[in-house]
Amino acid sequence: MTVAVFVICAETEEEAERLAKSLDFSLLANEQGMETKGFPSLGTALSYDYSPYEKRRIADNRKRMVIGTQQQVKEQLLELAGAYGTDEIMAVTITYDFQDKLNSYRLLAEAFQNEI
């Protein structure tokens, strides 16, 4: 069995949280049928006026995400693997900026370098 999860990995927890805001908005927009032109920018996500309901939906969607530093992400993914009894996790990183995506995957690969 494979478990798929959204992953945002960055040098700091604050940066990972900041990058995840675009994904938060994207999932919300998709759920509500909002028209977007591609993946939303961080500016779009930060400038949106979220209702209390939308904030709850974001919190619920965060349960499908692993966000943090290399060590935080590694620990959360290993915990997730244990909870589901799987040895395979599909990590999906979606960010507005392609370099942020590459950096997230690089950090994730480095975190698990000695595990493979």
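Each chain has its residues counted from 1, following the order in which its sequence is written. The predicted origin of the model limits local features to residues at a pLDDT of at least 70 and limits the giving and counting of side-chain atom pairs to 80 or more, whereas totals for whole chains, interfaces and linings rest on all residues. Only hydrogens and water are set aside when side-chain values are computed; all heavy atoms of the structure are taken into account.

Participant: Help me understand the overall build of the protein chain, please; the structure alone is not making it clear to me.
Facilitator: Each helix corresponds to a stretch of at least 4 residues labelled H or I by DSSP, and each strand to a stretch of at least 2 residues labelled E; elements are numbered beginning at the N terminus. The helix and strand tally for the protein chain stands at 5 helices and 3 strands. Ordered by position from the N terminus, the helices and strands of the protein chain form the series β-α-α-α-β-α-β-α. A radius of gyration in this sense is built from C-alpha atoms; the matching globule rule multiplies 2.2 Å by the number of residues raised to 0.38. Expected size for 116 residues packed as a compact globule is a radius of gyration near 13 Å; at 14 Å, the protein chain falls within 12% of this value. For the protein chain, the spread of C-alpha atoms along the three principal axes comes to 40 × 30 × 20 Å. For the protein chain, restricting intrachain contacts to residue pairs at least 6 apart in sequence, the fraction spanning at least 24 positions comes to 68%. With residues, only the protein chains shown are counted as cover, and all accessible areas are computed by Shrake-Rupley using a 1.4 Å probe. Total accessible area computed for the protein chain in this model is approximately 7100 Å², and 51% of it derives from carbon and sulfur atoms. Of the charged side chains in the protein chain, 12 are positive and 19 negative, and the gap between their average positions amounts to 6 Å. Contact criterion: two residues are considered in contact whenever any of their non-hydrogen atoms come within 4.5 Å of each other. We score Asp and Glu as negative and Lys and Arg as positive, and we do not count His or the chain ends. We put the charge of a Lys on NZ, of an Arg on CZ, of an Asp on CG and of a Glu on CD.

Participant: How do you make sense of the packing of aromatic side chains when you look at a structure like this?
Facilitator: For any pair of aromatic rings, the description consists of the separation of the ring centres together with the inter-plane angle of the planes. Pairing of aromatic side chains requires ring centres within 6.5 Å, counting the rings of Phe and Tyr and the six-membered ring of Trp. Pairs whose planes differ by under 30 degrees are stacked, by over 60 edge-to-face, and all others tilted. For the structure on display, the rule yields 3 aromatic pairs. Each ring, one from Phe25 and one from Tyr50, has its centre 6.3 Å from the other, and the planes form 80 degrees; the classification is edge-to-face. A residue pair is termed long-range when its members are at least 10 positions apart, and Phe25 in helix α1 (residues 13–32) and Tyr50 in the loop between α2 (42–47) and α3 (52–61) qualify at 25 residues. For the pair shown, Phe25 and Tyr50 are each scored as buried. Aromatic ring contacts, followed pair by pair, group Phe25, Tyr48 and Tyr50 into a single cluster. For the cation-ring pair, Lys74 lies above Phe112, with the distance from its terminal atom to the ring centre recorded as 5.8 Å. Accessible area is worked out with a 1.4 Å probe on protein chains only. A residue is then buried under 20% of its type maximum, exposed over 50%, and partly exposed in between. We count a charge as sitting over a ring when the NZ of a lysine or the CZ of an arginine lies within 6 Å of the ring centre and within 35 degrees of the ring normal.

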